[in-house]
Amino acid sequence: KKSTGYINSQMEKSVRGSLKSAVDHLLSADNYVILDSLNYIKGFRYELYCSARTYRTAHCVVWVECRDEISNKWNEERISNGFDSYPENMLQDLRRRFEAPNESNR
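Residues numbered from 1 in each chain as written. Predicted model: local features only at pLDDT ≥ 70, side-chain atom pairs only at ≥ 80, totals over all residues. Heavy atoms only, no water.

Participant: Honestly, the overall build of the protein chain in this entry has me stumped. Any pointers?
Facilitator: Counting secondary structure elements, the protein chain contains 4 helices and 0 strands. Traced from its N-terminal end to its C-terminal end, the protein chain shows the element sequence α-α-α-α. Every one of the 106 residues in the protein chain was classed for burial, and the buried ones make up 23%. The long-range share in the protein chain, meaning contacts at least 24 apart out of those at least 6 apart in sequence, stands at 62%. When the accessible surface of the protein chain is summed, it comes to about 8200 Å², and 51% of that surface belongs to carbon and sulfur atoms. Distance from the positive charge centre (16 side chains) to the negative charge centre (15 side chains) of the protein chain: 5 Å. (Helix = DSSP H or I, 4+ residues; strand = E, 2+ residues; numbered from the N terminus. Buried < 20%, exposed > 50% of the residue type's maximum accessible area, 1.4 Å probe, protein only. Contact = heavy atoms within 4.5 Å. Areas by Shrake-Rupley, 256 points an atom, 1.4 Å probe, with all protein chains shown as cover. Lys, Arg positive; Asp, Glu negative; His and termini not counted. Charge placed at Lys NZ, Arg CZ, Asp CG, Glu CD.)

Participant: I tried to follow the packing of helix α3 (residues 68-80) against helix α4 (residues 88-97) on my own but got confused; where do I start?
Facilitator: When two helices pack together, their arrangement is given by the angle between the helix axes and by the axis-to-axis distance. One can describe the packing of α3 onto α4 by two numbers: an axis separation of 11 Å at closest approach and a directional angle of 145°. At the point where α3 passes α4, the crossing takes the right-handed sense. Of the residues in α4, those touching α3 at Asp 68, Ser 71, Asn 72 and Asn 75 are Glu 88, Leu 91 and Arg 95. Of the residues contributing to the contact of α3 with α4, the split by class is 1 nonpolar, 3 polar and 3 charged. (Axes fitted to C-alpha atoms, helices over the stretch in contact; angles between N-to-C directions. Left-handed = near helix turned anticlockwise from the far one by under 90°. Nonpolar A, V, L, I, M, F, W, Y, C, P; charged D, E, K, R; others polar.)

Participant: Sorry, what's going on with the pattern of salt bridges here?
Facilitator: If the charged atoms of two oppositely charged side chains come close together, the side chains can form a pair. The final tally for this structure, using the stated rule, is 8 salt bridges. Here Glu 69 ties to Arg 67 by a salt bridge, and the two come within 3.2 Å at their closest N and O atoms. In this pair, the class of Glu 69 matches that of Arg 67, namely exposed. Two residues, Glu 77 and Lys 73, come together in a salt bridge whose shortest N-O distance is 3.8 Å. Of this pair, Glu 77 and Lys 73 both sit in helix α3, 4 residues apart, which is roughly one turn of that helix. (Salt bridge = Lys/Arg side-chain N within 4 Å of Asp/Glu carboxyl O.)

Participant: Sorry if this is basic, but what is going on with a nonpolar patch on the surface here?
Facilitator: Taken together, the side chains of Val 61, Trp 63 and Phe 98 make up a nonpolar region of the molecular surface, amounting to roughly 270 Å² of accessible area. Its place among the elements puts Phe 98 in the segment after α4. (Patch = residues over 30% accessible without salt bridge, like charges linked within 9 Å, V, L, I, M, F, W, Y side chains within 5 Å.)

Participant: How should the side chain of Ser 3 be read in this particular structure?
Facilitator: With respect to the helices, strands and loops of the structure, Ser 3 is situated in the segment before α1 (9-26). Assessed through its relative accessible area of 7%, Ser 3 is described here as buried. In this view, Ser 3 contacts Ser 85, Tyr 86, Pro 87 and Met 90; residues no more than four positions away in its chain are not counted.

Participant: For this particular structure, what's the right way to read the nonpolar core?
Facilitator: For soluble globular proteins, nonpolar side chains are generally found buried alongside one another. In this structure, Tyr 6, Tyr 40, Tyr 86, Met 90, Leu 91 and Leu 94 together form the largest nonpolar core, which totals 6 residues. Other than its neighbours up to four places away in sequence, Met 90 contacts Ser 3, Tyr 6 and Ile 7. Counting residues in each nonpolar core, the second largest holds 5 residues, with Val 23, Leu 27, Phe 44 and Leu 48 among its members. (Core = buried A, V, L, I, M, F, W, Y, C linked by side-chain atoms within 4.5 Å.)

Worth remembering: the numbers are spatial, not functional.
Put into structure tokens, the structure is as follows:
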């Protein structure tokens, strides 16, 4: 379950380390790497930016803004259909900790 990666801060740190390691391993001047993850911490996004610079590749952050009511509905539908989802308290916690991308920062 993807939610297990966000149970506590140590688990999150481990997940981010694994994701960054995988990106670093795959990244090259000839490869595109798409990391579809909860890159809600700006420091982690900056690390990914630095990795892209190291390999002299382009870097892009795609941020899709969604109202809480809509994401709650999608999460509830995932639960009712037996798909991987987030517990409500975890979803709210992730929202509180989210640091929105700022175009003036890397």
